[in-house]
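# Coordinate inspection notes
Here are the chains, one letter per residue:
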Amino acid sequence: MAKEILKVVLIGDGGVGKTSLRNQFIHKRFTNAYKATIGADFIAKEVKLEDGKNVMLQIWDTAGQERFQSLGVAFYRGADACVLVYDVNNYLTFEHLERWRTEFLKQAGVADPTEFPFVMIGNKIDIDERVVSRRQAKAFALRHSGKTMEIPCFEASAKEGTNVEQAFSYIAKMVKIPQMEFDMFGDGDIRNTSSFSLPTRSSTKYFDCC
């Protein structure tokens, strides 16, 4: 059955800001109070593409704690895209992306890992204690990109809202939905959503190797 909703899964170590990124994108708000995610939950938001079509992003926020990782198969299955989140000020969270990506591909049952839509977000650039360089992140992305599916790298601040909307809106553009699916389902009507115009690739501020 064709989809009218894109399932997007956020993965990464606990404390990197997955929930904060999602809340900034959906609700335009940030809180310093940290509360670990239990299992996973999702919120949907409507994105308007350049051609006027509407896409619903169903954003799944998953727990980063090790004791919840066995639940991954239940939350990863059926994902249309995956966001690898790390903290630019904590090298271990970047180092662990390899494990998170491998586990996701295994539990989600992805047939061709090099052609599955991944996005990288280095969060907390508002904190001036960087230990992960843009070059390192780009190298990771290039190593895992396929011939037709490049992994874009964003640096963001969930606190200040920097590049958060750009990263999520880029996902809606990179995941291809057959025209037939729009014809079958139309724009849909999901509550608690809002819409915005998607920027072009040239105006999207994800970084390249410096």
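Up top is the structure these notes are about.
Here is a short report on the structure shown in this document.

Parameters at a glance
Residues numbered from 1 in each chain as written. Predicted model: local features only at pLDDT ≥ 70, side-chain atom pairs only at ≥ 80, totals over all residues. Heavy atoms only, no water. Helix = DSSP H or I, 4+ residues; strand = E, 2+ residues; numbered from the N terminus. Buried < 20%, exposed > 50% of the residue type's maximum accessible area, 1.4 Å probe, protein only. Lys, Arg positive; Asp, Glu negative; His and termini not counted. Salt bridge = Lys/Arg side-chain N within 4 Å of Asp/Glu carboxyl O. Polar contact = N/O pair within 3.5 Å; in protein donor to acceptor, adjacent residues only side chain to side chain. Phe/Tyr/Trp six-rings, centres within 6.5 Å; stacked < 30°, edge-to-face > 60°. Lys NZ or Arg CZ within 6 Å of the ring centre and 35° of its normal. Pairing = 2+ DSSP bridges. Contact = heavy atoms within 4.5 Å.

### Structural notes on the side chain of Lys-45
Relative to the helices and strands, Lys-45 is located in strand S2 (residues 40-48). As a buried residue without a salt bridge, Lys-45 has its nearest oppositely charged side chain in Glu-165, at a separation of 4.9 Å. Polar contacts involving the side chain of Lys-45 include one to the main-chain carbonyl oxygen of Phe-25, which spans 2.7 Å.

### As for helix H1 (residues 18-27)
Structural remark: α-helix, 3.6 residues per turn; residues separated by three or four positions point the same way. Burial analysis of H1 places seven of its 10 residues in the buried class, which makes it a mostly covered element. Among the residues of H1, Lys-18, Leu-21, Arg-22, Asn-23, Gln-24, Phe-25 and Ile-26 are the ones counted as buried. Where H1 ends, the next residue or the one after it, Lys-28, has phi of about 60 degrees, a positive value.

### Comments concerning the environment of Phe-154
Among the structural elements, Phe-154 can be located in strand S6 (residues 153-155). According to the relative accessible area criterion, Phe-154 is buried, its value standing at 0%. As a C-alpha pair, Phe-154 and Met-120 span 34 residues in sequence and 6.1 Å in three-dimensional space.

### Description of the packing of aromatic side chains
What the rule picks out here adds up to 10 aromatic pairs. Judged by centre distance (5.4 Å) and plane angle (50 degrees), the ring pair of Phe-104 and Phe-116 falls under tilted. One end of the pair, Phe-104, is in helix H4 (residues 97-108); the other, Phe-116, is in the loop between H4 and strand S5 (118-123), and 12 residues separate them in sequence. The burial state of Phe-104 is the same as that of Phe-116; both residues are buried. The structure contains a cluster of three or more aromatic residues connected by ring pairs, namely Tyr-76, Phe-104, Phe-116 and Phe-118. Note that Lys-7 overlies the ring of Trp-60, its terminal NZ or CZ placed 4.5 Å from the centroid. For the cation-ring pair, Lys-45 lies above Phe-25, with the distance from its terminal atom to the ring centre recorded as 4.3 Å.

### Looking at the pairing of strand S1 (residues 5-11)
Of all the seven residues making up S1, six are buried; the element is thus mostly covered by neighbouring parts of the structure. Relative to strand S3 (residues 54-62), S1 runs parallel, the two sharing six bridges. Within S3, the position partnered with Val-9 by the bridge is Trp-60. Pairing geometry for S1 and strand S4 (residues 81-87), over four bridges, is parallel. Looking across to S4, one finds that Val-8 is bridged to Ala-81.

### Overview of unusual backbone geometry
A positive phi angle, close to 60 degrees, is found at Lys-28, a residue other than glycine. Within the secondary structure, Lys-28 is located in the loop between H1 and S2. With phi around 70 degrees, Lys-124 is a residue other than glycine that occupies positive phi space. Its place among the elements puts Lys-124 in the loop between S5 and helix H5 (134-144). A relative accessible area of 21% places Lys-124 in the partly exposed class.

### What to know about the environment of Ile-121
With respect to the helices, strands and loops of the structure, Ile-121 is situated in strand S5. The buried category is assigned to Ile-121, whose relative accessible area is 2%. Sequence-wise, Ile-121 and Glu-155 are 34 residues apart; in three dimensions their C-alpha atoms are separated by 5.6 Å. With near-sequence residues (within four places) excluded, Ile-121 lies in contact with Leu-21, Val-83, Leu-84, Val-85, Tyr-86, Phe-154, Ala-156 and Ala-167.

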